[in-house]
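Residue strings, one per chain:
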Amino acid sequence: MFLLASVSAFAQESIEDLKAELNNAEDSRSRMYLNYQLGEAYLRVNTETAIAYAKEAFNLANSNGNAAMGAQAAFLTGRAYERDRNERNAEVWYKTALAKAKQAGDSDLIIKSVERRSRLAEKDRNYRKAYHIVEEAFNYFSQNGTSISDLERNYEKLRASLQ
């Protein structure tokens, strides 16, 4: 119980520190990163606030032309919506994260976004959609000369399920 209380106090202190830094941030790049960090910090305690900070980080990333950070912020927004049990918005933001991750060339985030999107489709029992999501990513990696065995196994598994 003491450990839980001290972790909670540390998280709250960290959030307050980040908010203070955000209030004092002078450039948009710093505000972008601080909004992202606040979104991450709030993800465990308040999904609505996490969504607001993640969206602000996404908007700042777009205005700064930072596709990599835009992808991360979109993925964080999707996670917050998913945690809030809002699968429709989670799917939209994971799709946005996927597009930005492709633009940034972030293979790891592409895989994470595809995995989350296909899992949401499977949860909805839309196996055809799950298959097409993974197929699209598989084709993307095949065309770019990247071989990713986890994606390939998932692709084959979903293809077999669809048949």
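Residues numbered from 1 in each chain as written. Predicted model: local features only at pLDDT ≥ 70, side-chain atom pairs only at ≥ 80, totals over all residues. Heavy atoms only, no water.

Caption draft 1: Here's a closer look at unusual backbone geometry. For Arg85, which is not glycine, the phi torsion reads 60 degrees and is therefore positive. Here Arg85 is to be found in the loop between α4 (67-83) and α5 (87-104). The class for Arg85 is exposed, based on a relative accessible area of 70%. (Helix = DSSP H or I, 4+ residues; strand = E, 2+ residues; numbered from the N terminus. Buried < 20%, exposed > 50% of the residue type's maximum accessible area, 1.4 Å probe, protein only.)

Caption draft 2: Structural view of the nonpolar core. By size, the foremost hydrophobic cluster in this structure holds 45 residues, and its most contacted members are Tyr36, Leu38, Tyr42, Ile110 and Val114. Listing elements by their share of this core, those giving two or more residues are α1 (2-24), α2 (28-42), α3 (47-64), α4, α5, α6 (107-123) and α7 (127-143). Those residues in contact with Tyr36, other than ones at most four positions away along the chain, are Ala57, Met69, Gln72, Ala73 and Leu76. (Core = buried A, V, L, I, M, F, W, Y, C linked by side-chain atoms within 4.5 Å. Contact = heavy atoms within 4.5 Å.)

Caption draft 3: Molecular detail of the environment of Arg88. By the element assignment, Arg88 lies in helix α5. Accessibility expressed as a relative area gives 70% for Arg88, which makes it exposed. The spatial distance from the C-alpha of Arg88 to the C-alpha of Leu120 is 9.0 Å, given a sequence separation of 32 residues.

Caption draft 4: Focus on the pattern of salt bridges. What the rule picks out here adds up to nine salt bridges. Here Glu91 makes a salt bridge to Lys129, at a shortest N to O gap of 3.8 Å. With Glu91 in helix α5 and Lys129 in helix α7, the pair connects residues that are 38 residues apart, well separated along the chain. Among the residues examined, Glu91 registers a relative accessible area of 12% and is labelled buried. Its salt-bridge partner being Lys102, residue Glu136 comes within 3.0 Å of it at the nearest N-O pair. Within this pair, whereas Glu136 is found in helix α7, its partner Lys102 is found in helix α5, the two being separated by 34 residues in sequence. Judged by its relative accessible area of 40%, Glu136 is partly exposed. We classify Lys102 as partly exposed; its relative accessible area is 23%. Linked by salt bridges that have partners in common, Glu82, Glu115, Arg116 and Arg119 make up one network. (Salt bridge = Lys/Arg side-chain N within 4 Å of Asp/Glu carboxyl O.)

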